[in-house]
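Coordinates in review
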Amino acid sequence: MTSEIRLAFAHPSERSEATAGTDPLDRISLRDHIVKIEIGAFQAERGVTQRICFNVVVEVQPLTGPIDDDVDRILSYDKVTEAIAFELSDERLNLLETLAERVAERILLEPQARRAFVRIEKLDRGPGALGVEIVRSQGQLAPVRPEEESPPQPELVYLGNDAIASPYLKGWIDQLEATGKPLIFCVGASETAAPQTRHKMAQRRIDLLAIEQNAWVLASKDDRCVVVNTRTELDWAMKNGQTCVWAPSKIVLDAVDGPSAQPHDAVALAAWFANTFEASEMLVIGADLPLTASVPLRAVSVRDQKF
């Protein structure tokens, strides 16, 4: 076996040493760190967990002067495991490549870190380990998604079917847009019954798609309403004054800590979504309020032209 092939399958620490520059760097490593998570783009990988193995090597700037056995002067191993845990808890991901990139980004935020080797492998998807390895350096990556640049606080409004069909709809949108706050509408399924199955996961998807069909019905009523299904689209829309209608499938199914409310409890599901924005309340027009909700709800009758 050639040295290039051997190094391709060797531990990242050997790859780090083989590709080192002229300036010596210290290394810390995490070997065979295994966690069970839900990840993957295939339908068979949804709703189940699988073992994922992390091997990480971080090259760090050598310290000057005595260490004095002071943990605050070094890059702690905990920073590596914390970076992994943070990215796993942030959202459900489809690709190991995305996860590796985000872990490397977070590790390289540490001032001592200079280069990060991140290898991630799926242990349960084939006869062997299936994985990806990336190498990233300080200054090579774009800044980590800036948590401080949060989008403006939106106005979240749930519209029942009677509200969607109401002649007052355009007037309500006028009133809500006049507040100057970003506007996000949520809806439930239409009155047309969705197909029913005995498969719990399949039924959940069918019910979510029924909500999305009704979102398109609402969008057809007023050109200002644009159906969106990702948080990235929502963040862009809120910063650019676009009125949105939430299509829930992707955000609900990709949530690490997903909603307890089921799609047929559409107001409660919308309240869970509103809670992800830390909304102070959600306006509910033309629908019954659930017994419990994640945010305070304010009910409005479809007969009210103003609120």
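Above this note sits the structure.
These notes cover the structure that comes with them.

About the thresholds
- Residues numbered from 1 in each chain as written.
- Predicted model: local features only at pLDDT ≥ 70, side-chain atom pairs only at ≥ 80, totals over all residues.
- Heavy atoms only, no water.
- Disulfide = S-S within 2.5 Å.
- Buried < 20%, exposed > 50% of the residue type's maximum accessible area, 1.4 Å probe, protein only.
- Core = buried A, V, L, I, M, F, W, Y, C linked by side-chain atoms within 4.5 Å.
- Helix = DSSP H or I, 4+ residues; strand = E, 2+ residues; numbered from the N terminus.
- Contact = heavy atoms within 4.5 Å.
- Phe/Tyr/Trp six-rings, centres within 6.5 Å; stacked < 30°, edge-to-face > 60°.
- Salt bridge = Lys/Arg side-chain N within 4 Å of Asp/Glu carboxyl O.

Points about the state of the cysteines
- Under the criterion given, the structure shown has 0 disulfides.
- Not engaged in a disulfide, the cysteine C244 finds its nearest cysteine sulfur in C225; these two sulfurs lie 9.1 Å apart.
- Assessed through its relative accessible area of 0%, C244 is described here as buried.

Remarks on the nonpolar core
- Counting residues in hydrophobic clusters, the biggest one holds 51 residues, and the most contacted among them are L156, L159, I184, F185, W246, F273 and M282.
- Per-element accounting of this core gives the leading share, 9 residues, to helix α10 (residues 266-275).
- Non-local contacts of L159, meaning those with residues more than four positions away in its chain, are made with I164, L169, F185, C186, V187, G188, L218 and I285.
- By size, the runner-up hydrophobic cluster in this structure holds 29 residues, among which are A100, V103, L108 and I134.

Considering the packing of aromatic side chains
- Applying the stated rule across the entire model yields 3 aromatic pairs.
- Pairing W246 with F273 gives two aromatic rings, centres 3.9 Å apart and planes at 5°, and the pair type is stacked. Remark: F273 occurs in helix α10 and W246 occurs in strand β8 (residues 243-246); sequence separation between them is 27 residues. Comparing W246 with F273 shows no difference in burial state: the two are buried.

Some points on the pattern of salt bridges
- In this structure the tally under the stated criterion is 19 salt bridges.
- E59 is paired through a salt bridge with R27; the nearest N and O atoms lie 3.7 Å apart. Of the two residues, E59 is situated in strand β2 (residues 50-60) and R27 in strand β1 (residues 26-37); the sequence distance between them amounts to 32 residues.
- Across the salt bridge formed by R224 and E177, the nearest N and O atoms sit 3.3 Å from each other. Note that R224 is positioned in the loop between α7 (200-221) and β7 (225-228) and E177 in helix α6 (residues 169-178), a separation of 47 residues in sequence.

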